[in-house]
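# Summary of structural features
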Amino acid sequence: MRSNTVGWLLLAPTILILATFGIVPFVYVLYVAFHQWNPFGASPDMIYNGANNFRRLVFDREFLLAIWYTLKFAFFAVFSEVVIGYLLAQLFMREFPGRGFFRTIHTLPLIVAPIVVGSVWRLLTTPSIGIIPYYLNAWFGYELNIGRDAGAAFALTVIMDIWHWTPLVTLTLLAALVSLPKEPFEQAQIDGASRWQVFWHITLPMIRPAILATVFIRLMDALRTVDEVWMLTGGGPGAATRYIGLHIWKVVFPKTDYGYGSAISVIVLYLTLVMCWILYVALVAPRTKKKRTF
């Protein structure tokens, strides 16, 4: 009994912090979502309007486009990061000159703040001074201008995210690969299995939990990206890179529509939880099924 009391006392500061900065803001945002509220307008009072803000979402073309662009961005970014991260992890598993140096260089983007990443990529892609447009024009005759080319702007946001977060995926999968037992691979080599068979039937099933956990983390980050994209494109050209985080910012601050912005935030949180739940089921269900077969 005493040990339980001591345990709860030790957990009390963490629970208090989580409640203060997690639960309380969420309840407040949920409350605001059912109101029409412009604190800077002529009438700054909250006006209860029921579910009108959520009903409005269904017919809001800008919101639906922002959701579509966000999902497309998250798919291309996370999929590319997992593939490239796995290949780099396999590379770092091998001995070669300068491996430690390349590992260090590879992880440097992780220590750079997202807003700095966006600023650096903005300088790199500015047509007049950027090194990327210069060499694309000199080598391939392609004039890069993300201010007027929606496809190029979207592609650069994906490439920027890959550059910034692939090291995290690499480190996670590298740790998973290092922890694998050697016996299954030695047995497969004796049986004459090809590299593809070893990867598909041994490596992939064994590192599957690490891959899904990595996708889980990166998916949540990709769905709420704001600062990097804001510094690089500002959500443009047009609405080509106005991902859902930027859309919420534009609704809440420039338009000062706090009620509608809160409703969007609640729906986005719900969609994120649903997608993460699907990944969680994909991670846990196979293990549960195997346990039931015994």
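Parameters at a glance
Residues numbered from 1 in each chain as written. Predicted model: local features only at pLDDT ≥ 70, side-chain atom pairs only at ≥ 80, totals over all residues. Heavy atoms only, no water. UniProt positions renumbered as here; feature names shortened; annotations may be inferred. Helix = DSSP H or I, 4+ residues; strand = E, 2+ residues; numbered from the N terminus. Phe/Tyr/Trp six-rings, centres within 6.5 Å; stacked < 30°, edge-to-face > 60°. Buried < 20%, exposed > 50% of the residue type's maximum accessible area, 1.4 Å probe, protein only. Lys NZ or Arg CZ within 6 Å of the ring centre and 35° of its normal. Expected span 1.5 Å × (residues − 1). Bend = angle between axes of the 7 residues up to and from the residue. Contact = heavy atoms within 4.5 Å. Polar contact = N/O pair within 3.5 Å; in protein donor to acceptor, adjacent residues only side chain to side chain. Salt bridge = Lys/Arg side-chain N within 4 Å of Asp/Glu carboxyl O. Core = buried A, V, L, I, M, F, W, Y, C linked by side-chain atoms within 4.5 Å.

## A look at the UniProt feature "domain: ABC transmembrane type-1" (unreviewed entry) in the protein
Taken from the UniProt record, the annotation "domain: ABC transmembrane type-1" (unreviewed entry) applies to residues 67-279. The span residues 67-279 is 75% helix and 0% strand, and its two end C-alpha atoms sit 19 Å from each other.

## Notes on the UniProt feature "transmembrane region" (unreviewed entry) in the protein
Mapped onto this structure's residue numbering, the UniProt feature "transmembrane region" (unreviewed entry) falls at residues 7-34, 66-88, 154-178, 198-217 and 261-285. The span residues 154-178 is 100% helix and 0% strand, and its two end C-alpha atoms sit 35 Å from each other. Structurally, residues 198-217 is divided into 100% helix and 0% strand, and its ends, taken at the C-alpha atoms, are 27 Å apart.

## Overview of the packing of aromatic side chains
Enumeration over the complete set of coordinates arrives at 17 aromatic pairs. With a centroid separation of 6.2 Å and 80° between ring planes, the pair formed by Phe 76 and Phe 154 is classed as edge-to-face. One end of the pair, Phe 76, is in helix H3 (residues 61-92); the other, Phe 154, is in helix H7 (residues 150-178), with 78 residues separating them in the sequence. Considering the side-chain rings of Trp 230 and Trp 249, the 4.9 Å spacing of their centres and the 50° angle between planes classify their relative orientation as tilted. One end of the pair, Trp 230, is in helix H10 (residues 227-232); the other, Trp 249, is in helix H11 (residues 244-252), with 19 residues separating them in the sequence. Taking relative accessible area as the criterion, Trp 230 reaches 34% and is therefore assigned partly exposed. On the accessibility criterion, Trp 249 (34% relative accessible area) is partly exposed. One cation-aromatic arrangement involves Arg 56 over Tyr 260; the distance from NZ or CZ to the ring centre is 3.7 Å. Sitting over the face of the ring of Phe 154, Lys 72 holds its NZ or CZ atom 4.7 Å from the ring centroid.

## Structural notes on helix H9 (residues 195-223)
When the terminal C-alpha atoms of H9 are compared, their 35 Å separation across 29 residues is substantially less than the 42 Å that a helix rising 1.5 Å per residue should span. The axis of H9 is deflected most strongly, by about 55°, at Arg 208, and proline Pro 209 appears within four residues downstream.

## Observations regarding the side chain of Thr 225
Relative to the helices and strands, Thr 225 is located in the loop between H9 and H10. Not counting the four nearest positions on each side in its chain, Thr 225 is found in contact with Phe 73, Tyr 243 and Gly 245.

## Concerning the environment of Thr 104
Within the fold, Thr 104 resides in helix H4 (residues 99-107). Under the relative-accessibility criterion, Thr 104 is labelled partly exposed at 46%. Considered as a pair, Thr 104 and Leu 10 are 94 residues apart in the sequence and their alpha carbons are 37 Å apart. A polar contact of 3.0 Å, which involves the side chain of Thr 104, links it to the backbone oxygen of Gly 100.

## Observations concerning the pattern of salt bridges
Counting across every chain of the model gives nine salt bridges. The partner of Asp 161 in a salt bridge is Arg 218, with the nearest N and O atoms 2.7 Å apart. Remark: Arg 218 occurs in helix H9 and Asp 161 occurs in helix H7; sequence separation between them is 57 residues. The two residues Asp 161 and Arg 218 agree in class, both being buried. In the salt-bridge network here, residues are joined through shared partners; they are Glu 81, Asp 161, Arg 218, Asp 221 and Arg 224.

## A look at the nonpolar core
Counting 30 residues, the largest nonpolar core has Leu 173 and Ile 207 as the members making the most contacts within it. Looking at this core, the elements with two or more residues in it are H3, H7 and H9. When residues in this core are grouped by element, the largest group, nine residues, is from H3. Membership of the second largest hydrophobic core comes to 18 residues, among which are Val 32, Phe 63, Ala 66 and Ile 264.

## Some words on the environment of Phe 185
Positionally, Phe 185 belongs in helix H8 (residues 183-190). Sequence separation between Phe 185 and Val 215 is 30 residues, and the spatial gap between their C-alpha atoms is 25 Å. When neighbours within four sequence positions are excluded, Phe 185 is seen to be in contact with Leu 180, Val 198, Ile 202 and Thr 203.

## Quick word on unusual backbone geometry
Backbone torsion omega between Gly 236 and Pro 237 reads -5°, so that peptide bond is classified as cis. By the secondary structure assignment, Pro 237 is in the loop between H10 and H11. One non-glycine residue, Thr 256, lies in the positive phi region at around 50°.

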